[in-house]
Amino acid sequence: MSNEVHERQYEKLDKWDVILSLSSGTISAMLDVFFAKDISLENAHTWGKKEVDKFVLSVARKNGYKGNDLAGAIKKLEAAYPIAADQLTNDFGGGSAHHLRDFSHHPTVTGLIFSILTQFTGRGYGTDVHGNFIPIDLPDASNLGTSLVDKIYLGVVTWVFHMISDIAGSSSTVAMGKEGTGLPGPLMSFFKELSAIPGIKQLAGKSKDEHYNFSMQCSKLFNGTLLGEHDENGKIIKDEVLKFDLRTEIGIVHEATLNKQYIPVLTNEVVVRGFYSIRRICEEIQEKQIREVSEITLIDMKKVLPFNNRRLAHMLAISSTMFSVTDISGAAIKAAIKNKDNKVGFALDLFQGINYYGLGRFALSTTGEMTIAGREVQKKLVKAADSELARISSKTLAIAKIGTPVGFISSAIGVYQEISDALGELDVAKEERILIEESCRASIEIIKEYQIEMHNMVEEYFVRHIETFNFGLDIMNQAVLSNDIDKFIMGNNVIQDFLGYDVQFRNQKVFDALMLSEDSLKL
């Protein structure tokens with residue numbers, strides 16, 4: 001058996017790997033549910049606010065501020081790093097709502113993308129009061145770059161420092177002794193962005209005022225009226241709001257550490273990694289027939305150590321997923337029992353009962369699994385083509401690797417060849433193997449004949465395509481330099497028309513109408 005085939009088999013999980021991973025995740029989560037102390041969102045917000053205020057003062061001083069007043073520090077940063085989207089404050093709900101509804105005020109990758117988009121389109125992007133995604137034209141071109149470099153600088157560097165100035169609220173609000181609106185954290189931003197996606201925003205239905213409930217609950221969570229204290233009539237008590245903003249999310253990490261939420265997560269990690277090592281040692285001893293202590297050196301330590309192994313990564317992904325599912329379910333049950341017919345109390349206790357270290361570990365595991373899956377697909381595709389592509393001309397090689405029919409034919413040859421080679425390693429009847437091998441050889445010869453013909457066709461095909469692509473790209477390049485959106489779309493459509501695609505929009509006006517409609521955007 002080849003080393004590669006052995007490695008593929010070694011990476012697969014058996015039933016005991018899966019059972020142990022599920023069991024470890026469940027038991028560790030139950031320990032957290034029954035024995036770990038819930039965090040306090042109120043304490044989290046208080047601690048996060050204190051740290052944010054110190055951070056803003058520190059950044060302002062590095063930008064030339066000489067005082068000790070927070071309002072003055074914010075004012076210094078606001079004046080030094082204004083952004084164009086602030087012209088639309090009233091359009092996106094005023095001082096209390098525009099940081100949530102204006103997507104360029106989200107301190108996330110999505111927020112950065114919309115900040116750059118605003119520089120090139122002269123529009124702000126966010127949601128209206130009902131929760132619908134809308135673009136809004138800027139009143140003027142102030143704080144918009146006049147060149148490509150200016151736009152990138154204002155959309156990225158200026159945006160970063162402006163986000164810092166907004167973390168603690170506006171200078172005018174802080175100067176009055178009040179707590180500023182602040183920014184939504186990564187989790188809150190994700191919820192709000194999710195609530196604007198067609199199909200998802202309708203899931204929770206609409207209110208009597210035609211507001212999408214999902215979007216409305218996001219607003220209440222951000223401004224503090226969802227988790228704050230309510231009177232006997234269900235109305236929020238003034239000055240008793242509990243905002244779920246960036247300051248609170250920062251404080252949650254601190255609270256989770258103080259309450260030792262990492263212990264159940266680490267327990268789960270240690271159990272899974274320990275079980276992995278023990279099972280792999282037993283497998284190595286059995287496979288290499290080790291009988292003496294002196295033969296221990298024959299063990300392949302790369303397969304035994306509980307680090308940097310795909311099999312282990314799969315087990316950790318299963319256990320961390322089970323941990324978070326069990327933990328959140330347990331927190332929901334506890335909150336429901338404690339708060340019968342009290343939706344506000346249920347929501348507060350649910351958020352305070354979640355193990356956020358476990359949620360973070362789950363996010364890392366799923367990201368790792370997606371990365372591994374992507375690399376595997378890429379590796380298989382490259383490998384299938386390379387064995388035959390190495391024997392054809394360098395020009396054809398370049399063409400084949402970008403997905404032309406030549407690449408497909410070369411991949412097919414590699415697949416047939418692999419079937420033939422693999423059959424030689426299997427314990428199959430000699431006569432059957434001979435028949436299959438002959439069939440593979442015949443198929444390879446036929447495909448090789450087609451490959452020669454296809455090569456000539458591909459060269460002619462690419463000459464025509466490259467000319468069209470260059471023409472379209474030249475138009476798009478000119479459009480970027482002249483900041484002409486419609487011209488950029490025209491260059492893109494030249495290429496799409498040539499390739500036979502149905503163009504969905506031919507100018508910015510039609511694009512905006514498409515974004516506001518319920519129709520799917522085909523890429």
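What you are looking at is a predicted structure, and each value in this text was computed from that prediction instead of being measured.

Parameters and conventions
Residues numbered from 1 in each chain as written. Predicted model: local features only at pLDDT ≥ 70, side-chain atom pairs only at ≥ 80, totals over all residues. Heavy atoms only, no water. Helix = DSSP H or I, 4+ residues; strand = E, 2+ residues; numbered from the N terminus. Polar contact = N/O pair within 3.5 Å; in protein donor to acceptor, adjacent residues only side chain to side chain. Contact = heavy atoms within 4.5 Å. Buried < 20%, exposed > 50% of the residue type's maximum accessible area, 1.4 Å probe, protein only. Pairing = 2+ DSSP bridges. Core = buried A, V, L, I, M, F, W, Y, C linked by side-chain atoms within 4.5 Å. Patch = residues over 30% accessible without salt bridge, like charges linked within 9 Å, V, L, I, M, F, W, Y side chains within 5 Å. Areas by Shrake-Rupley, 256 points an atom, 1.4 Å probe, with all protein chains shown as cover. Salt bridge = Lys/Arg side-chain N within 4 Å of Asp/Glu carboxyl O. Phe/Tyr/Trp six-rings, centres within 6.5 Å; stacked < 30°, edge-to-face > 60°. Lys NZ or Arg CZ within 6 Å of the ring centre and 35° of its normal. Axes fitted to C-alpha atoms, helices over the stretch in contact; angles between N-to-C directions. Parallel < 35°, antiparallel > 145°, perpendicular 65-115°, else oblique. Left-handed = near helix turned anticlockwise from the far one by under 90°. Nonpolar A, V, L, I, M, F, W, Y, C, P; charged D, E, K, R; others polar.

Peer 1: Please provide a residue-by-residue account of the environment of Asp14, values included.
Peer 2: With respect to the helices and strands, Asp14 occurs in the loop between α1 (3-11) and α2 (15-35). Polar contacts involving the side chain of Asp14 include one to the main-chain amide nitrogen of Trp16, which spans 3.1 Å.

Peer 1: Describe the environment of Ile250, and please don't skip the residues or the numbers.
Peer 2: As for its placement among the helices and strands, Ile250 is situated in helix α11 (residues 246-258). Through-space distance from the C-alpha of Ile250 to that of Val52 is 8.7 Å; in sequence the pair is 198 residues apart. In this structure Ile250 touches Trp47 and Val52, once residues within four positions along its chain are discounted.

Peer 1: For the pairing of strand β2 (residues 133-137), give the residues involved together with the corresponding values.
Peer 2: Among the five residues of β2, four are classified as buried, and the element is accordingly described as predominantly covered. One ladder, built from five bridges, connects strand β1 (residues 123-127) with β2; its direction is antiparallel. Paired with Tyr125 across the strands is Pro135, a residue of β2. The hairpin formed by β1 and β2 contains five residues between the paired strands, and Gly131 there has a positive phi angle of roughly 105°.

Peer 1: Outline the nonpolar core, supporting the account with residue identities and numerical values.
Peer 2: Core analysis: the biggest nonpolar cluster contains 22 residues, and Val56, Leu70, Ile74, Leu77 and Ala168 have the highest contact counts within it. Mapped onto this core, the elements with two or more residues apiece are α3 (41-62), α4 (70-80) and α7 (148-167). The contacts of Ile74, once residues within four sequence positions are left out, are Val56, Ser165, Ala168, Gly169, Ser170, Ser171 and Val174.

Peer 1: Any details on a nonpolar patch on the surface? Residues and values, ideally.
Peer 2: On the surface, Ile27, Met30, Leu31, Phe34 and Phe35 cluster together into a nonpolar patch covering about 550 Å² of accessible area. Overall, Leu31 belongs to the partly exposed group, its relative accessible area being 37%.

Peer 1: Got a sec to walk through the packing of aromatic side chains? Specific residues and values, please.
Peer 2: Any pair of aromatic rings gets described here by the distance separating the centres and the angle formed by the planes. According to the stated counting rule, one finds nine aromatic pairs in the structure shown. Arranged with centres 6.0 Å apart and planes meeting at 40°, the rings of Phe103 and Phe133 form a pair that is tilted. One end of the pair, Phe103, is in the loop between α5 (98-101) and α6 (109-121); the other, Phe133, is in strand β2, and 30 residues separate them in sequence. A connected cluster of aromatic rings, assembled from ring pairs, spans Phe103, Phe114, Tyr125 and Phe133. Positioned above the aromatic ring of Phe120, the side-chain terminus of Lys151 is 5.7 Å from the ring centre.

Peer 1: How would you sum up the pattern of salt bridges? Please name residues and give values.
Peer 2: Taken as a whole, this structure holds 15 salt bridges when the rule is applied. Its salt-bridge partner being Asp17, residue Arg279 comes within 3.3 Å of it at the nearest N-O pair. Here Asp17 lies in helix α2 and Arg279 lies in helix α12 (residues 262-287), a separation of 262 residues in the sequence. What emerges from the salt-bridge pattern is a single network uniting Asp14, Asp17, Arg279, Arg280, Glu283 and Arg311.

Peer 1: Just give me the short version of the pairing of β1, but keep the residues and values in it.
Peer 2: Of all five residues in β1, five are buried; the element is thus mostly enclosed. A two-sided burial pattern is seen for β1, the buried positions comprising Arg123, Tyr125 and Thr127 on one face and Gly124 and Gly126 on the other.

Peer 1: Quick one: what's the story with the packing of α3 against α4, residue by residue and with numbers?
Peer 2: Two numbers describe how α3 lies on α4: the axes approach to 9 Å, and their chain directions differ by 55°. Our classification of the angle between α3 and α4 gives oblique. Seen from above, α3 lies across α4 with left-handed handedness. Contact residues: Asp53, Val56, Leu57, Val59 and Ala60 in α3; Leu70, Ala73, Ile74 and Leu77 in α4. Considering only residue class, the contact of α3 with α4 consists of eight nonpolar, no polar and one charged.

Peer 1: An account of the side chain of Gln261 is needed here, citing residue identities and associated values.
Peer 2: Mapped onto the secondary structure, Gln261 falls in the loop between α11 and α12. Within the local environment of Gln261, its side chain forms a polar contact with the backbone oxygen of Ile354, the two atoms lying 3.2 Å apart. In contact with Gln261, not counting residues within four places along its chain, are Ile39, Ala256, Ile354, Asn355, Tyr356 and Tyr357.

Peer 1: Which residues make up the packing of α6 against α7, and what values go with them?
Peer 2: Remark: α6 packs on α7, axes separated minimally by 9 Å, with the N-to-C direction vectors making an angle of 145°. Viewed along their axes, α6 and α7 form a crossing whose handedness is right-handed. Within the contact between the two elements, α6 uses Gly111, Leu112, Ser115, Ile116, Gln119 and Phe120 and α7 uses Leu148, Lys151, Ile152, Leu154, Gly155, Val156 and Trp159. When the residues that make up the contact of α6 with α7 are grouped by side-chain class, the tally is eight nonpolar, four polar and one charged.

Peer 1: Give me the lowdown on unusual backbone geometry, citing residues and values where you can.
Peer 2: A positive phi angle is found at Asn143, which is not glycine, with a value near 65°. Positioned with a positive phi, Glu210 is a non-glycine residue whose angle comes to about 65°. The residue Glu210 is located in the loop between α9 (186-195) and α10 (213-223) in this model. Taking the relative accessible area as the measure of exposure, Glu210 reaches 44% and is therefore partly exposed.

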